[in-house]
Amino acid sequence: MEIATPTAPAADPSPNCTLCPRLVELREGLRIEHPTWWNAPVPPLADADPWLAIVGLAPGLQGANRTGRPFTGDRSGPLFWNILVEAGLAEGSYTGKVDDAPMPKGIAVVNAVRCLPPENKPTPEEIRTCRPFLDADLSAMPSLRVVVALGAIAHQSAVKALGGRLPKARFAHLAEHRMPSGIILIDSYHCSRYNQNTGRLTPEMFAAVFARAIELGGAG
């Protein structure tokens, strides 16, 4: 059964983007092995006028690279979407399927790197190459007040995209950083299955991040 494909905004890279040769090689191999998968840069998933943006690392093999929808289809999805639904930041219930997954409510979900990297580890060059797309995403959100970064790489990309300085904005779970524009960046450990299994990130810890985001930015 062919996976449904979300619509990509104009600022997105081409489905056949050639900017990162290593990622292109992986993508082309997967297109042969799994021709019904998304296998392309994954676009943001956003409400019409988000006040909160969540920046992840990159698509997962069985998740967004397969489904074309951030945090959908892999083992990070249940925690991610269930916490957002409980916080009132998404509507629906999570099943891992594109056509009946939760929809964002006042939020946008984007990635620091749009394409699947080998072993979920993009190189510094790939991160830099993809940053203009993150810049464009965040710049296109006029009501943006809070950004949540999931993991150190997302944190670094978000700081740079928001005009901040990394030496003054160090990553730590639940750390807060005010960017030059006044937008507040909140850090969280990534909701990867590894972090969940090792106890580095618990559901309570993850929920606290979004409770704080709502406290700072409000939902109105």
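For the structure, see preceding data.
I will try to describe carefully the structure that is included in this document.

**Things to note about the layout of surface pockets**
Now for step 1: Of the voids in this model, the largest pocket is the one considered here, and its volume is about 660 Å³.
Now for step 2: For the lining of the largest pocket, the elements supplying multiple residues, two or more each, are α5 (152-161) and α6 (193-198).
Now for step 3: Taken together, the residues of the lining of the largest pocket sort by class into 15 nonpolar, nine polar and four charged.

**Re the sheet that holds strand β6 (residues 146-150)**
Working definition: the strands of a sheet are paired by backbone hydrogen bonds and lie parallel or antiparallel to each other.
Now for step 1: With mixed pairing, the six strands of this open sheet are ordered in space as β1-β5-β2-β6-β8-β7. Each edge of the open sheet carries a strand with a single partner, namely β1 (45-46) and β7 (176-178).
Now for step 2: In this sheet, strand β5 (residues 107-111) lies alongside strand β2 (residues 52-56) in parallel orientation, the contact comprising five bridges. By the bridge assignment, I54 is partnered in β5 with V109.
Now for step 3: Here helix α3 (residues 77-86) sits on the sheet in contact with β1, β2, β5 and β6, set at roughly 160 degrees to β5.

**Some remarks on empty space enclosed by the protein**
Now for step 1: For the coordinates displayed, the defined rule picks out two cavities of 30 Å³ or more.
Now for step 2: A volume near 100 Å³ is recorded for the largest cavity.
Now for step 3: Along the walls of the largest cavity sit 14 residues, with C17, C20, L23, C115 and C130 positioned nearest its centre.
Now for step 4: Every element with two or more residues in the lining of the largest cavity is listed here: α1 (21-33) and α4 (124-139).
Now for step 5: Here the lining of the largest cavity is built from residues that sort into 11 nonpolar, one polar and two charged.
Now for step 6: Volume-wise, the second largest cavity comes out at about 40 Å³.
Now for step 7: In terms of lining, the second largest cavity is formed by L23, L26, R27, L30, N39, A40, N65, C115 and L116.

**Points about the nonpolar core**
Here is a general trend for soluble globular proteins: nonpolar side chains tend to be buried in one another's company.
Now for step 1: Counting residues in each nonpolar core, the largest one holds 26 residues, and the members touching the most others are L52, F80 and F210.
Now for step 2: Elements that contribute at least two residues to this core include exactly β2, α3, β5, β6, β8 (184-188) and α7 (203-217).
Now for step 3: A per-element tally of this core places α3 first, with five residues.
Now for step 4: The next biggest cluster of nonpolar side chains, apart from the first, holds 20 residues, and it includes M141, L144, V147 and I183.

**Quick notes on α1**
Now for step 1: In a regular helix each residue adds 1.5 Å, so 13 residues correspond to 18 Å; α1 covers 18 Å between its end C-alpha atoms and thus fits that length.
Now for step 2: All of the buried residues in α1 are L23, V24, R27 and L30. Within α1, the buried residues cover an arc of 130 degrees as seen down the axis, which keeps them to one side. Turned more than 90 degrees off the buried face of α1, the exposed positions are P21, E25, I32 and E33.

Cut-offs used in this document
- Residues numbered from 1 in each chain as written.
- Predicted model: local features only at pLDDT ≥ 70, side-chain atom pairs only at ≥ 80, totals over all residues.
- Heavy atoms only, no water.
- 1 Å grid on protein atoms, 1.4 Å probe; cavity = no way out; pocket = protein on both sides within 12 Å on 5 of 7 lines; lining within 4 Å.
- Points joined across faces, edges and corners; volume = space filled by probe spheres on them.
- Helix = DSSP H or I, 4+ residues; strand = E, 2+ residues; numbered from the N terminus.
- Nonpolar A, V, L, I, M, F, W, Y, C, P; charged D, E, K, R; others polar.
- Pairing = 2+ DSSP bridges.
- Contact = heavy atoms within 4.5 Å.
- Axes fitted to C-alpha atoms, helices over the stretch in contact; angles between N-to-C directions.
- Core = buried A, V, L, I, M, F, W, Y, C linked by side-chain atoms within 4.5 Å.
- Buried < 20%, exposed > 50% of the residue type's maximum accessible area, 1.4 Å probe, protein only.
- Expected span 1.5 Å × (residues − 1).
- Arc of directions from axis to C-beta.

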